Structure formats: structure tokens, C-alpha cells
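Descriptive structure summary
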Amino acid sequence: MSKEKPVKVKFYSGENIPLELHKVRVVQKLNLVPIERRLEALYEGGFNTFRLSTKDVFLDMLTDSGTNAMSDMQVSAMMHADDAYAGSQSFFRLQKAVEDVLKKKYFLPVHQGRAAENILACAYIKKKGDLIPMNYHFTTALAHITQYGGRIVELLYDEAYNIDSAHPFKGNLNVEKLEQVIVETGVENIPFIRMEASTNLIGGQPFSIRNMREVRKIADKYGLRIVLDASLLGENAYLILQREPEFADSSMAEVISIMTGLSDIVYFSARKLSSSRGGGICTGELKIYRELEALVPLFEGFLTYGGISVREIEAMAVGLYETLDETMISQSPQFIAYLVNSLTAKGVPMVTPPGVLGAHVDAMSICSHIPQTQYPAGALAAAFFLISGVRGMERGSISNQRDEEGNETYADMELLRLAVPRRVFTLSQIKYVEDRLVWLNENRSLIGGLKFVYEPPVLRFFMGGLEPVSDWPERLIAKFKEDFGDSL
Ligand code: F0G
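Bear in mind that the values here come from a model prediction, so they are computed numbers and not experimental data.

A few words on the sheet that holds strand E10 (residues 415–419). The 3 strands lie next to each other as E8-E10-E9, forming an open sheet whose pairing is antiparallel. The outermost strands of the open sheet, each flanked by one partner alone, are strand E8 (358–362) and strand E9 (393–395). Taking the axes of each pair of neighbouring strands and ignoring which way they run, one obtains an average angle of 30 degrees across the sheet. Here 5 bridges tie E8 to E10, and the two strands are oriented antiparallel to one another. Directly across from Ala359, in E10, lies its bridge partner Leu418.

What follows is the structure in C-alpha cells.
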């Protein structure tokens, strides 16, 4: 199959500007509230950006989950959805899209990505201590595995932990360590190997096909299954086209089918993969389908809707086909690269090379004066919201869970993630983010730490409440007013 050419545009000025190749036809008004109100909102929301109300948020860079722009084709498809508890035509259209795009015949719908994780952990973690080797964990995947008594081991190459790097595939799974872990642990204690496309928590970094082929060889040698978390599959495939020479002339469809072909089970959050809602698990093996099938009606809903509305099922189907459009998929990574490169040039420490999902700011470096016990990434997320109205997400120790004895497990990286959902923001909004972050970096000594005042036992980062350890937010506001006057 020859590659369908993505649209590329050069500027006469030589500037590397990512041009929007879509037009905006439905818009939503944004609020930019005064800094004093933003401070109140932080106190009301426990200095946790998850707990802010969008009426106080200017640019919502919390996540790309369910916030990517939908296409006109998706919205129109929603209008001809077929409402039925069982045997809905909408489901069959989705099943066909899964087979066409992900090349897997058997499909189980679930209400979102973590529901797939629940089903997989429930089906395959048979005894306490079962070990899941993976390139890196995602919060909900880890929570479900541990909930069923399992453990994980993260097997990245050392380079992955280098924030500032030129390595094109920091998400690669360390195959030498994988083999060692399998031999030491015993295959009977390893339910499956998990590979996450574009490792979310270390800065949206992809793995290569070459790496995946090596993992496949080891999996075959020991008779183990590979489970692919495909939530960020399109972006990982796009970066393979950009960075892995063997695939420079391949199409998105080819790369995606190679990746899913190397996996026994593929699951995904459709909130990310296909700009919709919902999720799914698919496989080419009837045996695997049968092992999982009964859990869908138990946890999600009947097998032809899986807890997803039929309208969303239609949007998912169209969104899956759109994942094959390189021009569409490249929009978010190109905006991210623009933001990362311009911030790096202005001295703001960023995770490099630019990854997918969002731009990741190195809070450990900006807030080197804040100890990890006071959550530098959470503090940076709160400070950045305060001075800009931009809501990012903490991806550091607050997002980690305590160990079995209740001790803190400090994160390998303390990151502020600024998500760039597909086709949502304009370039001037991205430039505003850049401008305010440069200012905050120059005034970083004013940022202080946080402490928990309310800590839920599971996934604490969602609803946890914190407060500043000093009056640093007030001092930051004073400096902001000095420099910006009346400007919001
Ligand atoms: N796997 C990955 C790699 C994810 O990024 C997510 C969600 C999930 C699984 C869970 O899917 O939310 O549909 O249940 N990531 C979102 C984020 C929440 O903001 O990064 P879900």
C-alpha cells in the first residue's frame, strides 16, 4: 500500500509553524476570570486542578480524554444511531471499524479504558503476587492490577528517565530485563506483558516497531501474551512514521496494523483514541474472547453496547477510521512540538523529545527548591493555574499510590502536563501558554510546596485536597500584579 501523502506546508519566512488544517465551525465561549477569583477557586478545589470548575478555567489542558474536537462526520454519524439493548446496528458498524482499523475480529465494548483494565485484571490475575511486566504503568492500569492482588514491574531503558533527551523511542520496553524478569519470576506467575503505546506518565513517549518485534520474540519464546494499551495508538504510530526510518514511507494504516498484529489483546480508551467516549477490548482469538466475554455484561452492559450510548458508538466508529488520517493525527503532536521547542529555547525545562498528548514541564527542575515530600508538580500545576487560568495536570508523586505499608512512593518524574487535545486550541492560545510559563519560570522561587489535608485511599490525585505550606500563592499574586498591572 503506498502512503497517502499528509498535507505539509512550509512558511516563506522559514519559521516552523504548525498550520491548522481544519476550520472551526462550532465554538464555545471561554472565561478568563481575575487572578483573585482563581486563588479562591484553588482554595475551594483543594489546590487540585481536577477539582476546579470549568467556569474558572480559561484553557483546559487537563487532559485529552473526551476533549479532543469531534469531526463533522462524527457528529453527523451520531444522528443515525440505532437504539437497541441487543443487536444494535450501531454496534455492528463499530465492530466493523475495529476490524478494519485494528485488524481484530473479536470485539468487546466497555464504557471507558479503565473498564477494560478492570476486565483484564479480573480475568487474568489469578493469585496474589502475579506480576505484569510493562514498559510503564498508567494510574488506572496499576490501580486495577493491584486491586486484584497483582504487582507490576516497569522495564524501561535508562534513557527513558532522562528528561532532556534526543532518544526517539523512550517508551521502548527493555527486552534484556524482560527476559531476566520472566526467568526469575516464572511464566506461571506472569499473566501477560503490557505494552502502553506512548507511555503517558513519562511524557507521552512512543515505542518503536523494532522494539515491539523484540518483545514479541520473547513473548513467543516463553508462551506469554502481549496486551497493548492502544489509548494513544494513533500518536505512537505517527511518531513511528516520523522517527523510525524503516517506516518513513509507510501509512498510518500499515503501522497501526503491524502494532496490533504483534499483540494478542488490544484495549483502548475511545475517549482518547477516537475522539469520542467509550472503550473496548479486541483480539483475533476466539479463545481469548470467550475468556473475557462474560465479564462485559457483569460490569458494563450487554455485549452490543458495553455501557456506551449508541450515539457515542457511532462517533467511535467514525473516529477509529479517522485515526488513519495522518494529517488529522499529526495536529496535536505538531502543536506539542511547537510548544516544547519554543519553551526549551526560552530556558523552560521540558521533557524532550516532544511526545504526544501534551507538553510536559519538568517540575523537579523548576521547583528544585521544593522537596518531593511537598509535591513540586502539584505545586507547579496550582501556581500555573493561578497566574494564567490554564489548567494542567500533576503527573508526579500525587499521582502515585502509596505502597502496601502505606508509605509514599515518590514518582520517577515530577511533571506538569499541559494536554493539547486534537484541534481544540489555536496557535495564539498556545503562545499565551508559552508566555505565562516563561514568566512563571523566571519567578519560580516564589512557588512553594503543598501538603495533603484530605487523602483518599485509591487514585488520590482525582479527589484529594491539599493546601499550600505557606502564603506563597499570595506572594505570587503580588509579583504578578507588579508585572502585569490590570491584565488578566
Ligand atoms: N490507558 C492510558 C494510556 C490512558 O492514558 C488512559 C486515560 C487510560 C488507559 C484510561 O482510560 O480514562 O478512558 O478510563 N488517560 C486519561 C489522561 C485519563 O488524562 O491521561 P479512561
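After that view of the structure, there is still more to cover.
This next bit is on the domain arrangement of the protein. How big an interface is tends to be stated in terms of the accessible area lost upon association of its parts. For the protein, the domain assignment lists domain 1 (35–64 + 326–484) and domain 2 (83–322). On a C-alpha basis, the centroid separation for the pair domain 1 and domain 2 is 27 Å. Listed per partner, the contact involves 32 residues of domain 1 and 41 residues of domain 2. Ranking the residues of domain 1 by area buried against domain 2 places Val356, Met413 and Arg422 at the top, with a combined share of 20%. At the boundary of domain 1 and domain 2, one finds 3 salt bridges.

Quick look at a nonpolar patch on the surface now. A cluster of nonpolar residues, Val7, Val9, Phe11, Leu19 and Leu21, forms a patch on the protein surface that exposes about 390 Å² of accessible area. Tracing the sequence through the fold places Val7 in the segment before helix H1 (35–44). For Val7, a relative accessible area of 46% puts it in the partly exposed group.

Moving on, we get to the packing of aromatic side chains. Counted according to the given criterion, the structure contains 17 aromatic pairs. A ring pair is formed by Phe91 and Phe92, whose centres lie 5.6 Å apart and whose planes are at 70 degrees; its orientation type is edge-to-face. Residue classification places Phe91 among the buried positions, given a relative accessible area of 3%. Centroid distance Tyr106 to Tyr289: 5.6 Å. Interplanar angle 40 degrees. Geometry classified as tilted. Here the residue Tyr106 occupies a position in strand E1 (residues 106–110), and Tyr289 occupies one in helix H11 (residues 286–293), the gap between them amounting to 183 residues. A cation sits over an aromatic face here: Arg395 above Phe461, 5.0 Å from the ring centre.

Let us look at the confidence of the model for the protein. Here the protein averages 97 in pLDDT, and 99% of its residues register 70 or above. Element-level pLDDT for the protein is lowest in helix H19 (residues 460–463), with a mean of 95, against a maximum mean of 99 in strand E5 (residues 226–229).

Below, the discussion takes up the site of the ligand. Near the ligand there are 17 residues, and of these Thr63, Arg114, Asp229, Ser269 and Arg417 occur at the shortest range. Between Asn200 and the ligand, the recorded distance is 2.8 Å, taken from a side-chain N or O atom to an oxygen atom. At 2.6 Å, a side-chain N or O of Ser269 approaches an oxygen atom of the ligand. In terms of residue count, helix H4 (residues 113–124) provides more of the shell around the ligand than any other element does, 3 residues in total. Both domains that furnish three or more residues to the shell around the ligand are identified here as domain 1 (35–64 + 326–484) and domain 2 (83–322).

Cut-offs applied
- Residues numbered from 1 in each chain as written.
- Predicted model: local features only at pLDDT ≥ 70, side-chain atom pairs only at ≥ 80, totals over all residues.
- Heavy atoms only, no water.
- Pairing = 2+ DSSP bridges.
- Helix = DSSP H or I, 4+ residues; strand = E, 2+ residues; numbered from the N terminus.
- Axes fitted to C-alpha atoms, helices over the stretch in contact; angles between N-to-C directions.
- Domains from an automatic or database assignment.
- Contact = heavy atoms within 4.5 Å.
- Buried area = accessible area lost by both parts, 1.4 Å probe.
- Salt bridge = Lys/Arg side-chain N within 4 Å of Asp/Glu carboxyl O.
- Patch = residues over 30% accessible without salt bridge, like charges linked within 9 Å, V, L, I, M, F, W, Y side chains within 5 Å.
- Areas by Shrake-Rupley, 256 points an atom, 1.4 Å probe, with all protein chains shown as cover.
- Buried < 20%, exposed > 50% of the residue type's maximum accessible area, 1.4 Å probe, protein only.
- Phe/Tyr/Trp six-rings, centres within 6.5 Å; stacked < 30°, edge-to-face > 60°.
- Lys NZ or Arg CZ within 6 Å of the ring centre and 35° of its normal.
- pLDDT = per-residue confidence, 0-100.
- Near = heavy atom within 4 Å.
- Polar contact = N/O pair within 3.5 Å; in protein donor to acceptor, adjacent residues only side chain to side chain.

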